[in-house]
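Each chain is listed here by its residues.
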Amino acid sequence: MLWLFALLITIWGLFYYKTPIRWATAVLGMLLGAYILAFGLTPCSISLWSGLLLFAIPANIPVIRQQLFSRWIFKLMKRALPVMSQTEREALEAGNTWWDAELFSGNPDWKVLLDLPASRLSEEEQAFIDGPVETLCAMLNDWDITHNRKDLPPEVWSYIKQQKFCGMIIPKEYGGLAFSETAHSEIVMKIASRSTTAAVTVMVPNSLGPAKLLLNYGTEQQKNHYLPRLVTGAEIPAFALTGPQAGSDAGAMPDTGIVCYNQDKVLGIRLNWEKRYITLGPVSTVLGLAFKLYDPDHLIGDKENIGITVALIPTNTSGISIGKRHNPLDSAFQNGPNWGKDVFIPMDWIIGGVDQVGNGWKMLMQSLTTGRAVSLPALSVGAAKFTCRNTGAYARIRQQFNLPIGEFEGIEEPLARMAGETYILDAARKVTNAALDNGEKPAVISAILKYELTERMRRIVNDGMDIQGGSGICMGPKNYLGRLYQVIPVSITVEGANILTRTMMIFGQGAIRCHPYIQKEMAALQQDDLQQFDDVLFQHIGFFMHNLAASFWLGLTNARFHKVPGDKNTRRYYRHISRLSVGFALFADYALLTLGGSLKRKERLSGLFADVLSNLYLCSCVLKHNQDQGCPEDDASLLQWACQHSIYQAQQSLRAVFWRLPLRPLAWVLRSLIFPLGKPYSPPGDQLIHKTASLLLTDTSVRDRLTHGIYINSNADDATGRIEVAFKAVLAAAPIEAKIRLAQKQKQLSKGDPFKKLAEALTLGIITQDEAELFATAEQARLAAITVDDFSAEELMGGGFKAI
Ligand SMILES: Cc1cc2nc3c(=O)[nH]c(=O)nc-3n(C[C@H](O)[C@H](O)[C@H](O)COP(=O)(O)OP(=O)(O)OC[C@H]3O[C@@H](n4cnc5c(N)ncnc54)[C@H](O)[C@@H]3O)c2cc1C
């Protein structure tokens, strides 16, 4: 028994320490040699030797193992290889991998993440945020914009153009602002905390649109012509990809371009298209149009079906119709359909000229890789911080049953969720921006950011609406949350609708791009290279076996002996991530091995894998963010809530993956290796929930840090300004309120109308004159903060409600 145990431990150790096959054979040989020395040649030792030889000869001699083993796997996998369209391949190959690949490896190298320089603003960027962005926010009145005007006021349009808001990503040589992704994100976040209409208007020209495509692929002539004009707003761009027949599956667009000569013998393209949902379309002067190009007469080459191509087309070109406007959930950003009938354009209107025909999809996917990680995540964090700050304050101002509603356990729960989630969102935003500014182009992480940040923002705003009660429901200039709530599905749907992003893209792309061996194996299969395949396959088997050994050890010890960075507050979370990452890698490999190409259609399973990866990524960002901020002591509750929540979610999703894996007995074995002692992690407990919720109810530096970067004002006539004013006044008057409460308890004072009891308290000398004034000011501010709008029947029927 002891020898058997020694053999098992040795095999486990060889896998755990990733011992090369040659060395592993030598170690096993020595162990068996020792056994023979101890017991002589017995039937057992002879069979062990035979077993070792059977393993060692093919394992150490590639030619033999290729014929005996790899050849069969090669054939099997070739058959199981999913068929991939050109657009799928191009989408898959866009961008690069970064921390996502580390998580996929099962053994993340924390140095990769922690050595990344923290996101930082230059002096010029900070000055722009404190100057023009602050001014723009002060000019915005969301109710006026969305209800009265259904557009931005002319002076806001002019200011946006004059201050070059549309040229944030354009280099200085073209007159642009040349800001970093960090600055871009901070600017969108701040504007979004004031008006989503303005944020979307500024966001689109700087996101996936003509400027980005020109910068990456345009000819010198195109850049010199368009970029300076886009900076000043002389050209308003729109990007037209989606049509009635092609939404999520945009590659299936029926819009065509035929290479031909016009009547003046100019070589060009005759276009026919129908697009819809195009942001800025109704006011655009230049359209970035995606269409499928055909060359039936072989005027530019041998190929007839050239593929998706993108051209820049002035909207006043003959044959173009810019339709009316859509009404996207009562938000007032410009959005509408457009179509073209036999529109002729010269070849040099193609972005990048004739050299880039057919490369449109690749161009779009490459541009989306980074764009998706910046704009919508920034908008989401703006909305999250805005809700935390204002609804948190409202929960302190608003009283029911003689207590601020935020102090009830029922409300504490959503408050804690809002604060903790906002901390996670901001961490992910900042760390990912830092990675982008450092030159990374992580496609899978972009998809995670787009999906997770918009989705979690939806939950935060929903929680906010529950806490606001009727004041979130009754629309009007005083309601700061209702319109935001209304418009959430826009961010959920655009730039890759969320369900598709979660269930198809994150794990679908991750499994191929981030896995250390799958892409290499696929390449070897495609090139019919058995030798290369055999080499990678054996590395892959070693990887799988190492993960088996590691997950059991980490599961048994809860990774207590695993070397990770961090301090007494954070080290355990680093360990938990490392542990779950091995489990994730193991289950992912198992799913790929057993399901092969059919995994592509298992969207429920793929969605759960995406949830595990996303939570591990977000939790890593929280730890990095905390380090970048200098590990402030008073952020401890936020940090703990965020880590415990993400790790618990990752664990639950990983366990849910198990129920969807095939070959149940084997899946059970894997699960008992990953979770040998049951479920190790729990969600945040009651005390932590209480502490985290309290952060939004008090005026502290933690609350300021959590909501840093949004627009804040103290104008008592403003929708959110009155909340700031009331919050400060109510907190200042809290000790006086406590005195009055005590007097009421001791039956010295009556209950009821606050102003009446105030007069009584003053007369009885319970409070001083100064205290009475402070209390009265707080009560007036409180009343102003809880007031909602009402309208006459004419106003309701005819619109035209007055702006606040
Ligand atoms: C306000 C607004 C602004 C926009 N701006 C622009 C713009 O400027 N330019 C532009 O080109 N486009 C724009 N769009 C289009 C946007 O990108 C599309 O709406 C989006 O791609 C989804 O397409 P769809 O609305 O046709 O939904 P559909 O494709 O019909 O999808 C409906 C639902 O099915 C899900 N789904 C689809 N396929 C799958 C699958 N395989 N697996 C799982 N779920 C799936 C989706 O996730 C979604 O939930 C805009 C849209 C809106 C609403």
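Higher on the page you've got the structure.
Basis of the calculations
In this convention, every chain numbers its residues from 1, walking through the sequence in written order. The model is predicted, so local features are restricted to residues of pLDDT at least 70 and side-chain atom pairs to those at 80 or more, both for listing and for counting; the totals for chains, interfaces and linings are taken over all residues. Derived side-chain values reflect all non-hydrogen atoms in the structure, with water molecules and hydrogen atoms excluded from consideration. Both cavities and pockets are sets of points on a 1 Å grid over the protein atoms alone; in a cavity a 1.4 Å probe fits but cannot get out, in a pocket the set is open with protein on both sides within 12 Å along at least five of seven lines, and lining residues sit with an atom within 4 Å of a point. Grid points are joined across faces, edges and corners, and a volume is the space filled by probe spheres set on the points. In the scheme used here, Gly and all other residues not listed as nonpolar or charged are polar, with Ala, Val, Leu, Ile, Met, Phe, Trp, Tyr, Cys and Pro taken as nonpolar and Asp, Glu, Lys and Arg as charged. A run of DSSP states H or I qualifies as a helix once it reaches four residues; a run of E qualifies as a strand once it reaches two. Both are numbered from the N-terminal end. Think of it in three bands: residues with accessible area under 20% of the maximum for their type are buried, residues over 50% are exposed, and the middle band is partly exposed, with areas taken using a 1.4 Å probe on protein chains only. Contacts were defined at the residue level, with two residues in contact if any of their heavy atoms lie within 4.5 Å. Two strands pair under a simple rule: DSSP has to find at least two bridges between them. Ring geometry is summarised as follows: Phe, Tyr and Trp rings, the Trp one being its six-membered ring, pair when their centres sit within 6.5 Å, and such pairs are stacked at plane angles under 30 degrees, edge-to-face over 60 and tilted between the two. Our definition puts a charge over a ring when NZ of Lys or CZ of Arg is within 6 Å of the ring centre and also within 35 degrees of the ring normal. We count a salt bridge whenever a side-chain nitrogen from Lys or Arg sits within 4 Å of a carboxyl oxygen from Asp or Glu. Axes here refer to lines fitted to C-alpha atoms; in helices the fit is confined to the stretch in contact. Angles between the N-to-C directions go from 0 to 180 degrees. Any angle between 65 and 115 degrees counts as roughly perpendicular, while under 35 counts as roughly parallel, over 145 as roughly antiparallel, and the rest as oblique. Two helices cross in a left-handed way if the nearer one is turned anticlockwise from the farther one by less than a right angle. They cross in a right-handed way if the turn is clockwise. The near set for a molecule or strand comprises every residue that places at least one heavy atom within 4 Å of it. For the purposes of these results, a polar contact is taken to be a pair of N or O atoms within 3.5 Å, where, inside protein, one atom must be able to donate a hydrogen and its partner to accept one; residues adjacent in sequence count only when each atom of the pair is a side-chain atom. Using the Shrake-Rupley algorithm and a 1.4 Å probe, accessible areas are obtained, with residue cover drawn only from the displayed protein chains. Put simply, a nonpolar core is a bunch of buried Ala, Val, Leu, Ile, Met, Phe, Trp, Tyr and Cys residues held in one set by side-chain atoms that sit within 4.5 Å of each other. An expected span of 1.5 Å times one less than the residue number is assigned to each helix. The reported arc concerns the directions from the helix axis to the C-beta atoms and nothing else. Residues enter patches when they are more than 30% accessible in relative terms and free of salt bridges; like-charged ones are connected within 9 Å and nonpolar ones (Val, Leu, Ile, Met, Phe, Trp, Tyr) within 5 Å. The charge count includes Lys and Arg as positive and Asp and Glu as negative, but it does not include His or the ends of the chains. Each charge is placed at NZ for Lys, CZ for Arg, CG for Asp and CD for Glu.

Colleague: Can you help me understand empty space enclosed by the protein in this one?
Modeller: Gaps left between atoms are located by rolling a probe of water-molecule size over the structure's atoms. Enumeration over the complete set of coordinates arrives at 4 cavities of 30 Å³ or more. The computed volume of the largest cavity comes to approximately 70 Å³. As for the largest cavity, its lining consists of 13 residues, and the residues nearest its centre are Ser471, Lys478, Asn479, Tyr480 and Arg722. Considered class by class, the residues forming the lining of the largest cavity number 6 nonpolar, 4 polar and 3 charged. By volume, the second largest cavity amounts to about 50 Å³. Those elements that provide at least two residues to the lining of the second largest cavity are α16 (409-437) and α28 (701-706). At 3 residues, α28 tops the list of elements feeding residues into the lining of the second largest cavity. Of the residues belonging to the lining of the second largest cavity, the class tally is 4 nonpolar, 2 polar and 3 charged.

Colleague: Explain unusual backbone geometry to me, please; I cannot follow it from the model alone.
Modeller: Among all residues save glycine, negative phi is the norm, and among peptide bonds the norm is trans. The phi dihedral of Leu329 falls on the positive side, at around 55 degrees, and the residue is not glycine. Counting through the fold element by element, Leu329 comes out in the loop between β6 (320-322) and β7 (335-346). Taking the relative accessible area as the measure of exposure, Leu329 reaches 35% and is therefore partly exposed. Located in the positive-phi region is Asn402, a residue other than glycine, with phi close to 65 degrees. Its place among the elements puts Asn402 in the loop between β8 (399-400) and β9 (403-404).

Colleague: Teacher, can you tell me more about the environment of Glu421 here?
Modeller: Considering the arrangement of structural elements, one finds Glu421 in helix α16. Glu421 sits 28 residues away from Leu449 along the chain, and the two C-alpha atoms are 13 Å apart. Ignoring sequence-local partners within four residues, the contact set of Glu421 consists of Arg456, Arg459, Ile460, Trp641 and His645.

Colleague: In this structure, what is going on with the layout of surface pockets? I would like to understand it.
Modeller: Approximately 1100 Å³ is the volume found for the second largest pocket. Of all the secondary-structure elements, those providing two or more residues to the lining of the second largest pocket are α1 (2-16), α2 (21-39), α3 (43-60), α4 (62-80) and α22 (530-557). The leading source of residues in the lining of the second largest pocket is α22, at 9 residues. Among the residues forming the lining of the second largest pocket, the class breakdown is 23 nonpolar, 9 polar and 4 charged.

Colleague: Before we go on, may I ask you to explain the pairing of β7 in this structure?
Modeller: The pairing of strand β3 (residues 267-279) with β7 spans 9 bridges and is antiparallel. Looking across to β7, one finds that Trp273 is bridged to Gly340. Judged from the 3 bridges that link them, β6 and β7 form a sheet pairing that is antiparallel. Each bridged residue has a counterpart across the sheet, and for Ser321 the counterpart in β7 is Trp339.

Colleague: What is the right way to read the packing of aromatic side chains from this model?
Modeller: The description of two aromatic rings rests on the distance between their centres and on the angle between their planes. Enumeration over the complete set of coordinates arrives at 25 aromatic pairs. Ring centres 5.1 Å apart and planes at 55 degrees place the aromatic pair Phe128 and Phe165 in the tilted group. Here Phe128, found in helix α8 (residues 123-139), pairs with Phe165, found in the loop between α10 (154-162) and α11 (181-192); they are 37 residues apart in sequence, far enough to count as distant. What makes Phe165 buried here is its relative accessible area of 0%. Chaining the aromatic ring pairs together yields one cluster made of Trp12, Tyr16, Tyr17, Trp553 and Phe561. Residue placement shows Arg65 over the ring face of Phe538; its charged tip is 4.1 Å from the ring centre. Arg671 extends its terminal NZ or CZ atom over the ring of Phe658, reaching a point 4.5 Å from the ring centre.

Colleague: Help me understand the environment of Gly472 in this model?
Modeller: Its location among the elements puts Gly472 in helix α18 (residues 470-473). Separated by 84 residues in sequence, Gly472 and Leu556 place their C-alpha atoms 49 Å apart. Gly472 has contacts with Met465, Asn479 and Gly482, leaving out every residue within four places of it along the chain.

Colleague: What is the right way to look at the pattern of salt bridges in this model?
Modeller: If charged atoms from side chains of opposite charge come close, those side chains can pair. Taken as a whole and judged by the stated rule, the model has 35 salt bridges. Where Lys385 meets Asp426, a salt bridge forms, and the shortest distance between an N and an O atom there is 3.0 Å. Taken together, the residues Lys385 in helix α15 (residues 360-397) and Asp426 in helix α16 connect sequence positions 41 residues apart. By relative accessible area, Lys385 is classed as buried at 1%. Relative accessible area serves as the criterion here: at 4%, Asp426 is assigned to the buried category. Arg456 is the salt-bridge partner of Glu452, the closest N and O atoms lying 2.7 Å from each other. Taken as a pair, Glu452 and Arg456 lie in helix α17 (residues 443-468) at a separation of 4 residues, close to a single helical turn. Connected via shared salt-bridge partners are Glu186, Lys385, Asp426 and Arg429.

Colleague: Help me understand the packing of α11 against α15 in this model?
Modeller: Relative placement of two packed helices is described by the angle separating their axes and the distance separating the axes. Relative orientation of the contacting elements α11 and α15 amounts to 45 degrees, with a least axis distance of 7 Å. What the angle tells us is that α11 and α15 run oblique. Once α11 is placed against α15, the crossing between them reads as right-handed. Across the interface between the two elements, Glu181, His184, Ser185, Val188, Met189 and Ala192 from α11 touch Val374, Ser375, Ala378, Leu379, Val381, Gly382 and Lys385 from α15. Among the residues making up the contact of α11 with α15, the classes are represented as 7 nonpolar, 4 polar and 2 charged.

Colleague: What's the story with the site of the ligand in this structure? I'm lost.
Modeller: The local shell around the ligand holds 22 residues, among which Phe239, Leu241, Thr242, Ser248 and Tyr277 are the closest. Taking Ser248, its side chain carries an N or O atom lying 2.6 Å from an oxygen atom of the ligand. For the ligand, whose free accessible area comes to 970 Å², the fraction covered by protein is 68%. Among the secondary structure elements, those contributing two or more residues to the shell around the ligand are β1 (237-240), β3, α19 (482-493) and α20 (498-513). Of all the elements, α20 adds the most residues to the shell around the ligand, at 4 residues. Here the shell around the ligand is composed, by residue class, of 13 nonpolar, 7 polar and 2 charged.

Colleague: What's the story with the nonpolar core in this structure? I'm lost.
Modeller: If you look at soluble globular proteins, the nonpolar side chains tend to sit buried side by side. Counting residues in hydrophobic clusters, the biggest one holds 192 residues, and the most contacted among them are Phe165, Ile191 and Tyr617. With residues near it in sequence (within four places) discarded, Tyr617 still touches Trp98, Trp99, Leu103, Thr432, Ile445, Ile448 and Leu449.

Colleague: Is there a simple way to think about α2 in this case?
Modeller: Structurally, the α-helix is built with 3.6 residues per turn, so residues lying three or four positions apart point the same way. Across its 19 residues, α2 extends 27 Å between first and last C-alpha, which sits within 8% of the 27 Å expected from 1.5 Å per residue. Looking only at α2, the buried set comprises Ala24, Thr25, Leu28, Gly29, Leu31, Leu32 and Tyr35. Across the axial projection of α2, the buried residues extend over an arc of 165 degrees, all falling on one side. Within α2, the exposed residues directed more than 90 degrees away from the buried face are Arg22, Trp23, Met30 and Leu37. Looking at the buried side of α2, the elements it contacts are α1 and α3. After α2 finishes, the residue Gly40 shows a positive phi value of roughly 75 degrees.

Colleague: Explanation requested: the pairing of β3 in the structure shown.
Modeller: A regular strand places its side chains so that they alternate between the two faces of the sheet. By the bridge criterion, 6 bridges tie strand β2 (residues 256-261) to β3 in an arrangement that is antiparallel. Looking across to β3, one finds that Cys260 is bridged to Gly268. Taking the residues between adjacent antiparallel strands as the criterion, β2 and β3 are bridged by 5 residues, where Lys265 takes a positive phi near 65 degrees.

Colleague: What should I look at first to understand a positive patch on the surface in this one?
Modeller: On the surface, Arg601, Lys602, Arg604 and Arg660 cluster together into a positively charged patch. Inspection of the secondary structure assignment puts Arg604 in helix α24 (residues 603-628). Judged by relative accessible area, Arg604 falls into the exposed class, the value being 65%.

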